[in-house]
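# Chains, contacts and geometry: an overview
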Amino acid sequence: MSISKGVAIVTGASRGIGRAIALRLAHDGYALAINDIPSNLPMLNSVKAEIESITYGGQKTKALSITADVREEEQVKAMVEQTVKDLGSVDVMVANAGILQAMTPMVDTPSKDFDQTFAVNVRGVFFCYKYAAKQMIAQHQQRGGAAGGNIIGASSAVAKQASPGFAAYSASKWAVRGLTQASALELAPYGIRVNAYAPGYIDTKMVEELSTGHKREHKQFLAEESQNVPLGHMGTPEDVANLVSFLVSDKASYITGQSMSVNGGFFFD
Ligand code: NAD
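Residues numbered from 1 in each chain as written. Predicted model: local features only at pLDDT ≥ 70, side-chain atom pairs only at ≥ 80, totals over all residues. Heavy atoms only, no water.

## Observations concerning the sheet that holds strand β2 (residues 30–36)
Within a sheet, adjacent strands bond to each other through the backbone by hydrogen bonds, running parallel or antiparallel. Read across the open sheet, the seven strands follow the order β5-β2-β1-β6-β7-β8-β9; overall the sheet is parallel. Only two strands of the sheet have a single neighbouring strand rather than two, namely β5 (63–67) and β9 (259–262). Between one strand axis and the next, the sheet turns through 20 degrees on average, direction left out of account. Where strand β8 (residues 192–199) and β9 come together, four bridges link them in parallel fashion. Paired with Tyr197 across the strands is Met260, a residue of β9. Against the sheet, helix α1 (residues 16–28) touches β1 (6–10), β2, β6 (92–95) and β8, its axis set at about 165 degrees to β2. Contacts from helix α3 (residues 73–87) reach β1, β2, β5 and β6 within the one sheet, and its direction differs from that of β5 by about 160 degrees. (Pairing = 2+ DSSP bridges. Helix = DSSP H or I, 4+ residues; strand = E, 2+ residues; numbered from the N terminus. Axes fitted to C-alpha atoms, helices over the stretch in contact; angles between N-to-C directions. Contact = heavy atoms within 4.5 Å.)

Now the structure itself:
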């Protein structure tokens, strides 16, 4: 008999916040389907190996690498179907994949960059929510109302207090909050909770690439930006993973539709 807590999908999991969430959910007892774009397959497979080395209740954790571009509806649908076929169900969907383009004033933002940001950060999250929800609703019905599920999206602090230079990104992360609220209302009758994380700066490759755009050394960028954070340092991917671990647990059973800040106190809702 399986003692796994269920099955979680995490998109954009080859590095950064997605990787940390996948590892944390594996430690929590979930089998994992981890996703990224095809060019990141080697990194994704090394995360898969890390997950498979984790034991829960004396059993090795199952993991599956699935390459898919979340901008493509058919690929997201296929990712959910493959997860069900190989691991048995989808109990948690973490729509983490996202992009941040170089800082650009709103008036200089090309429409193709705006569209690209929305394609990954909003369309991609929407497809993940949609196909995870369809599967979770079917599971709820198959198990006579005994099954629910958790859907989590990647929002951002700039979805609550926008920053200059990030018009498209801020707007896309703001859209995730709307999608999360509407989905939470529609899916509550099926016992499916839908929440998002809204981090401040988290020290990942995304932020490293941003610091290059600011023409500052990564270390200098971290030191200077940390001065705006009351807790005095940037967040880590594990800080976000801890929040996700809580949100998908029964301890968060009365929380839905929220986009929860994890930002060291630099912005209050
Ligand atoms: P990251 O750039 O390190 O990792 C993002 C991952 O998503 C990459 O592995 C990338 O290949 C993948 N990805 C991109 N486009 C994809 C696509 N079309 N299909 C599938 N995978 C795709 O970023 P991160 O810092 O780990 O951020 C993770 C999420 O958290 C993002 O949505 C980001 O916007 C959000 N976020 C990050 C921060 C931060 O400070 N790092 C703050 C707030 C929100």
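## What about the packing of α1 against helix α2 (residues 41–52)?
Two elements in contact, α1 and α2, have axes separated by 9 Å at closest approach and are oriented at 20 degrees. By the angle between their axes, α1 is roughly parallel relative to α2. Here α1 runs over α2; the crossing is right-handed. Residues Arg19, Ala22, Leu23 and Ala26 of α1 lie in contact with α2, whose contacting residues are Val47, Glu50 and Ile51. (Parallel < 35°, antiparallel > 145°, perpendicular 65-115°, else oblique. Left-handed = near helix turned anticlockwise from the far one by under 90°.)

## A word on the pairing of β5
Of all five residues in β5, four are buried, a share of seventy percent or more. In this structure, β2 lies alongside β5, joined through five bridges in parallel fashion. Residue Ala33 lies in a different strand from β5, and its bridge partner there is Leu64. (Buried < 20%, exposed > 50% of the residue type's maximum accessible area, 1.4 Å probe, protein only.)

## Digging into the nonpolar core
Grouped together as the largest cluster of nonpolar side chains are 34 residues, with contacts concentrated most on Met79, Met93, Tyr129 and Ile151. Broken down by element, the residue count for this core peaks at ten residues, all from helix α4 (residues 111–142). Once residues lying within four places of it in the same chain are set aside, the contact partners of Met93 are Ile9, Met79, Val80, Cys128, Ala132, Met136, Asn150, Ile151 and Ile152. Among the nonpolar cores identified, the runner-up in size contains 31 residues, and Ala20, Leu25, Ile54 and Val244 belong to it. (Core = buried A, V, L, I, M, F, W, Y, C linked by side-chain atoms within 4.5 Å.)

Nothing here speaks to function; it is geometry throughout.
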